[in-house]
Amino acid sequence: MDNETIMKTSAEQDRLAFTVLAIEASAQKMGVSPSEMRRRLDKVGLIKNLIQDCYDTLHTESREAVANDVVEALKNWEREQ
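Residues numbered from 1 in each chain as written. Predicted model: local features only at pLDDT ≥ 70, side-chain atom pairs only at ≥ 80, totals over all residues. Heavy atoms only, no water.

**Q** Please explain the overall build of the protein chain as it appears in this structure.
**A** When you go through the protein chain residue by residue, the secondary structure sums to five helices and zero strands. Judged by the C-alpha coordinates and their principal axes, the protein chain covers about 45 × 25 × 20 Å. Among the 81 residues that make up the protein chain, the fraction classed as buried is 30%. A fraction of 65% describes how many contacts in the protein chain between residues 6 or more apart in sequence connect residues 24 or more apart. Here the protein chain displays about 5400 Å² of accessible surface, and carbon together with sulfur accounts for 49% of that area. Each charge class in the protein chain can be summarised by its mean position, and for the 11 positive and 15 negative side chains these summaries are 8 Å apart. (Helix = DSSP H or I, 4+ residues; strand = E, 2+ residues; numbered from the N terminus. Buried < 20%, exposed > 50% of the residue type's maximum accessible area, 1.4 Å probe, protein only. Contact = heavy atoms within 4.5 Å. Areas by Shrake-Rupley, 256 points an atom, 1.4 Å probe, with all protein chains shown as cover. Lys, Arg positive; Asp, Glu negative; His and termini not counted. Charge placed at Lys NZ, Arg CZ, Asp CG, Glu CD.)

Shown next, in the form of structure tokens:
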């Protein structure tokens, strides 16, 4: 593998690890299982539209701040449906 491929793979792994962390932290904050949280986030499109698309900003925040952002967005998006 060339250096560019290795860097791209590493960035993708970082995003995936962050997505898992965000789901787990949010689930813990809401007192639900990570699989339930993933299902709810996926249903309203927040895994892509918030966690992944806003990675550059969110990954600089603390775990608690990320969980707060995700939980607040989830509650708002679920209310809209």
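**Q** Would you mind going over helix H5 (residues 63–80) with me for this structure?
**A** Structural remark: α-helix, 3.6 residues per turn; residues separated by three or four positions point the same way. Spanning 18 residues, H5 covers 26 Å between terminal C-alpha atoms, matching the ideal 26 Å at 1.5 Å per step. Along H5, the residues classified as buried are Val-66, Ala-67, Val-70, Val-71, Ala-73 and Leu-74. If you follow the buried residues of H5, they end up packed against helix H1 (3–30), helix H2 (34–44), helix H3 (46–52) and helix H4 (55–58). (Expected span 1.5 Å × (residues − 1).)

**Q** What am I meant to see in the pattern of salt bridges here?
**A** If the charged atoms of two oppositely charged side chains come close together, the side chains can form a pair. Counted by the stated rule, this structure contains five salt bridges. Residue Arg-15 pairs with Asp-56 through a salt bridge whose shortest N-O separation is 3.6 Å. A residue pair is termed long-range when its members are at least 10 positions apart, and Arg-15 in helix H1 and Asp-56 in helix H4 qualify at 41 residues. A salt bridge links Glu-36 to Arg-39, with the shortest nitrogen-to-oxygen separation between them at 2.9 Å. Taken as a pair, Glu-36 and Arg-39 lie in helix H2 at a separation of three residues, close to a single helical turn. (Salt bridge = Lys/Arg side-chain N within 4 Å of Asp/Glu carboxyl O.)

**Q** Can you walk me through the side chain of Arg-40 in this structure?
**A** Secondary-structure assignment places Arg-40 in helix H2. Ignoring any residue separated from it by four or fewer positions in sequence, one finds Arg-40 in contact with Met-30, Val-32, Leu-74 and Glu-78.

**Q** Honestly, the environment of Asn-68 in this entry has me stumped. Any pointers?
**A** For Asn-68, the location among the structural elements is in helix H5. When the C-alpha positions of Asn-68 and Ala-27 are compared, they lie 11 Å apart, and in sequence the two are 41 residues distant.

**Q** Looking at this structure, how should I read the environment of Tyr-55?
**A** Along the polypeptide, Tyr-55 turns up in helix H4. In this structure, the C-alpha to C-alpha distance between Tyr-55 and Lys-8, residues 47 residues apart in sequence, is 15 Å. Residues in contact with Tyr-55, not counting those within four places in the same chain, are Asp-14, Arg-15, Phe-18 and Leu-50.

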